[in-house]
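Residue-level structure breakdown
These are the residues of each chain, in order.
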Amino acid sequence: MNPAHLPDFRPLGAPCASRRLLLLYWLSVSLQVCDVPAADLSAEPAYELSTFALPESLKLEVSGMALLPHGSVALALRKGEIWIADQTKDPATTHYRLFAEGLHEPLGLSYHEGSLYTVQRTELTRITDEDGDGQADTYWSVARGWGVTGNYHEYAYGPQFDRQGNAWITLNASIGRGPKPEDNAWRGWSLRVAPDGRWEPVSYGFRSPCGLGMNPEGDIFATDQQGNWFPTCPLIHIQPGAFHGHADALVHGKGTPYEPRVRTPLPTGLTVAEAAKRIPNYRLPALWFPYRNMGMSSTDILWDDGSGRFGPFEGQAFVGEFTMSMVLRVCLEQVEGQYQGACFGFAEGLQCGVLRLAWDAAGDLLVGQSNRGWNSLGNRSFGLQKIHWTGEVPFEILRIQAMSDGFAITFTQPLEEGIEANLDLDTPSLSLRSHTYHYHASYGSEPVDELELEIVDWTLSEDRRRWTCQVTPLREGYVHTFDFKGWTSESGQPLTHPSAAYTLNRIPTGK
């Protein structure tokens, strides 16, 4: 099979909207929305949470979101439709109109060069309003050719466009296999689709890579889900030829330039730290999200837009969490060319499982939700919420950076006066531990090789915002967890999220 497929420019939809589509459009703009009170984001007082009111007939199971040039937002639904929210400034008065329908479980949405793009089960599709009447006219098959057998687990996600105009797609591994490997071709791989529609496989070993995102440097990342070969949920930097860990992807690409360089059967009895040394091309993720403490099923990835409209977290990412219905925050750094970093809590208590994230025109964080197929915390089965920064600076751990002998922790506000007296090295008011995970075909892993770490020395910067600690032992390939309970700011405010987890892939030298 030649993985470089030419695009098929057959129009898959009618050249003009159907009578049903037009009727639904006029009904949608005249619907009176129901009254849904705003929820409180009590865990993060510097941010406000509001819930979008929806017409009773609109089951908004959000599976993709894209901001449009005029400020409205396109919303893909798992059942195969795309709706347009006319504005998101006031969730109580937002109106919705149907834009496209007849899609097969779209799990992502992007606006690129005048069209909407989504990945259906079998293809990357470009959807365009040709005549400017606000409704889709043409559906173009841009790329296709990966295996689809009908297995329910064969989800396809994306696209995420990069700076060169390439569209990135990730494919779920199947639950089970077809009679021949080509029936499941390229399942568990990432794909890069060129602007002309030709595509090529890039990396392999995914299980269920639900989220895709691009950082300010232009690198592409994906989340994945705890399960077979994945001890907990990871955040993965996608690199050509990288093996992410799931063995089912290794059967694909044989006899092509993309053939995996990983030998099978995979070794047993290893931790992920040991596997990174033993298995060729196996790359540890940028970070692991400790199970339950930092979620159970990571989804979308969205980097701060750099506008300063969402608080002090420039250059950091927000990650959706499905099962626990929350949003996490991530701060990464590169050490010896490899990404690593810390994850923190951000927004808990949302109404439903978080599937997609997007910025709206005002710089607020839109949270698209659905729990179809799996359970999630909350009192709804679907919906849309918005998180707005009030302008108040929250008291949070801003970032954690690795050093050759420990960590530097920066806070968003100065620490309280007199905290030095509470940091006696014999009884420090900080819990610091490290652990790793099993690498095996079993479902998930408990933390293993756990160790309480010793704080040898520490210093506090003159502005009382940067606390540096010397720690022993530091261990590469291990997650280092922090608990700063009891720490307060100079105004007496406790940390909103006192826990953090830093994945240490490389110990820096000379830092």
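Here the residue numbering is sequential within each chain, running from 1 through the sequence in written order. Only residues with pLDDT of at least 70 are given local features in this predicted model, and only at 80 or more are side-chain atom pairs given and counted; all residues enter the totals for whole chains, interfaces and linings. Note: side-chain values were computed over all heavy atoms of the structure, leaving out hydrogens and water.

As a further point, take the overall build of the protein chain. Each helix is a run of DSSP H or I of at least 4 residues and each strand a run of E of at least 2, with the numbering of both proceeding from the N terminus. Looking only at helices and strands, the protein chain has 2 helices and 34 strands in total. Here the protein chain, with 511 residues, has 60% of them falling under the buried criterion. For the protein chain, the exposed surface amounts to about 20300 Å²; the carbon and sulfur share of it is 50%. Partly exposed describes any residue whose relative accessible area lies between the buried limit of under 20% and the exposed limit of over 50%, with all areas from a 1.4 Å probe on protein chains only and scaled to the type maximum. With residues, only the protein chains shown are counted as cover, and all accessible areas are computed by Shrake-Rupley using a 1.4 Å probe.

Before going further, it helps to spend a moment on a nonpolar patch on the surface. There is a patch of nonpolar side chains on the surface, built from Tyr152, Ile175 and Trp374 and spanning about 330 Å² of accessible area. The topology assignment puts Trp374 in the loop between strand S25 (365–370) and strand S26 (382–389). By relative accessible area, Trp374 is classed as partly exposed at 41%. To count toward a patch, a residue needs a relative accessible area above 30% and no salt bridge. Like charges then connect within 9 Å, nonpolar side chains (Val, Leu, Ile, Met, Phe, Trp, Tyr) within 5 Å. Should a side-chain nitrogen of Lys or Arg be within 4 Å of a carboxyl oxygen of Asp or Glu, the pair is scored as a salt bridge.

Think of a pair of aromatic rings as described by two things: how far the centres are apart, and how the planes are tilted against each other in angle. When two rings of Phe, Tyr or Trp (its six-membered ring) have centres within 6.5 Å they constitute a pair, described as stacked for plane angles under 30 degrees, edge-to-face for angles over 60, and tilted for the intermediate range. Tallied over the full model, the rule gives 33 aromatic pairs. A ring pair is formed by Tyr47 and Phe346, whose centres lie 5.0 Å apart and whose planes are at 75°; its orientation type is edge-to-face. Within this pair, whereas Tyr47 is found in strand S2 (residues 47–51), its partner Phe346 is found in strand S23 (residues 338–347), the two being separated by 299 residues in sequence. For Phe346, a relative accessible area of 0% puts it in the buried group. When the ring of Tyr117 is compared with that of Phe161, the centres are 5.0 Å apart and the planes differ by 75°; the resulting orientation is edge-to-face.

A few words on the environment of Thr412. Here Thr412 shows up in the loop between strand S28 (406–411) and strand S29 (431–439). Residues Thr412 and Arg466 lie 54 residues apart in sequence; the distance between their C-alpha atoms is 9.3 Å. In this structure Thr412 touches Pro312, Phe313, Val393, Pro394, Phe395, Glu396, Leu398 and Arg465, once residues within four positions along its chain are discounted. Within the local environment of Thr412, its side chain forms a polar contact with the backbone nitrogen of Glu396, the two atoms lying 2.9 Å apart. Throughout, a contact is declared for two residues whenever any of their heavy atoms are within 4.5 Å. Polar contacts, as counted here, are pairs of nitrogen or oxygen atoms within 3.5 Å of one another; within protein the pair requires one atom able to donate a hydrogen and one able to accept it, and residues that are adjacent in sequence qualify only if both atoms are side-chain atoms.

Attention now moves to the environment of Pro280. Mapped onto the fold, Pro280 is located in the loop between helix H2 (272–278) and strand S19 (287–289). Sequence separation of Pro280 and Phe243 is 37 residues, and the distance between their C-alpha atoms is 8.2 Å. Contacts of Pro280, omitting those with residues within four sequence positions, involve Arg261 and Val262.

In this section: the sheet that holds strand S3 (residues 62–67). Pairing between two strands is assigned when DSSP locates at least 2 bridges connecting them. Reading across from one edge, S3-S4-S5-S6 is the order of the 4 strands in this open sheet, with antiparallel pairing throughout. The open sheet is flanked by S3 and strand S6 (96–100), the only strands paired with a single partner. Taken over all neighbouring pairs, the strand axes of this sheet differ in orientation by 30° on average, direction set aside. Every axis in this analysis is a line fitted to C-alpha atoms, fitted for helices over the stretch in contact. Angles between the N-to-C directions lie between 0 and 180 degrees.

Here Thr88 lies in the loop between strand S5 (81–85) and S6. What makes Thr88 buried here is its relative accessible area of 4%. Side chain to side chain, Thr88 and Asp360 meet in a polar contact 2.7 Å long. What Thr88 contacts, discounting residues up to four positions off in sequence, is Phe52, Val73, Thr94, Asp360, Leu366 and Lys386.

This paragraph deals with the pairing of S5. Within S5, 5 of the 5 residues are buried, which leaves the element mostly enclosed by the surrounding structure. Burial of S5 is two-sided: the residues Glu81, Trp83 and Ala85 facing one way and the residues Ile82 and Ile84 facing the other way are all buried. By the bridge criterion, 5 bridges tie strand S4 (residues 73–77) to S5 in an arrangement that is antiparallel. Its bridge partner lying in S5, Leu75 is registered against Trp83. Between the end of S4 and the start of S5, which pair antiparallel, lie 3 residues, with Gly80 showing a positive phi angle near 110°. Alignment of S5 against S6, held across 4 bridges, turns out to be antiparallel. Bridge pairing in S6 links Ile84 to Arg97.

With that out of the way, let us pick up the pattern of salt bridges. Applying the stated rule across the entire model yields 12 salt bridges. Put simply, Glu200 and Arg192 hold a salt bridge, and the shortest N to O gap is 2.5 Å. Overall, Glu200 belongs to the partly exposed group, its relative accessible area being 25%. The network of salt bridges with common partners includes Arg78, Glu105 and Arg121.

As a further point, take unusual backbone geometry. In the segment running from Gly158 into Pro159, the intervening peptide bond is cis, with an omega of 5°. Positionally, Pro159 belongs in strand S11 (residues 156–161). A cis amide bond links Thr264 with the next residue in sequence, Pro265, at an omega value of 0°. On the secondary structure map, Pro265 appears in the loop between strand S17 (233–237) and strand S18 (270–271). Although it is not a glycine, Arg292 sits at a positive phi angle of roughly 70°. As for its position among the elements, Arg292 is in the loop between S19 and strand S20 (298–303). On the basis of relative accessibility, which here comes to 53%, the residue Arg292 falls in the exposed class.

For any part of a model where pLDDT is low, the fine detail of the predicted coordinates should not be relied upon. Each residue carries a pLDDT score, the predictor's own confidence in it, on a scale running from 0 to 100. In the predicted model, the protein chain carries a mean pLDDT of 90, and 89% of its residues have values of at least 70. For the stretch residues 1–40, pLDDT sits under 50, and the model shows 82 contacts to residues farther than four places along the chain or on other chains.

Attention now goes to the side chain of Gln316. As for its position among the elements, Gln316 is in the loop between S20 and strand S21 (317–321). Excluding residues that lie within four positions of it along the chain, Gln316 makes contacts with Leu302, Trp303, Asp304, Arg329, Val330, Cys331, Leu398 and Arg399.

Moving on, we come to the sheet that holds S17. Reading across the sheet, the 4 strands line up as S15-S16-S17-S19 and stay open at both edges, with antiparallel pairing between neighbours. Each edge of the open sheet is held by one strand with a lone partner, namely strand S15 (212–214) and S19. Sheet twist, expressed as the average angle between the axes of neighbouring strands with direction ignored, equals 20°. Taken together, the 3 bridges between strand S16 (residues 220–223) and S17 define a ladder with antiparallel strand orientation. Within the sheet, the bridge partner assigned to Thr223 lies in S17 and is Leu235.

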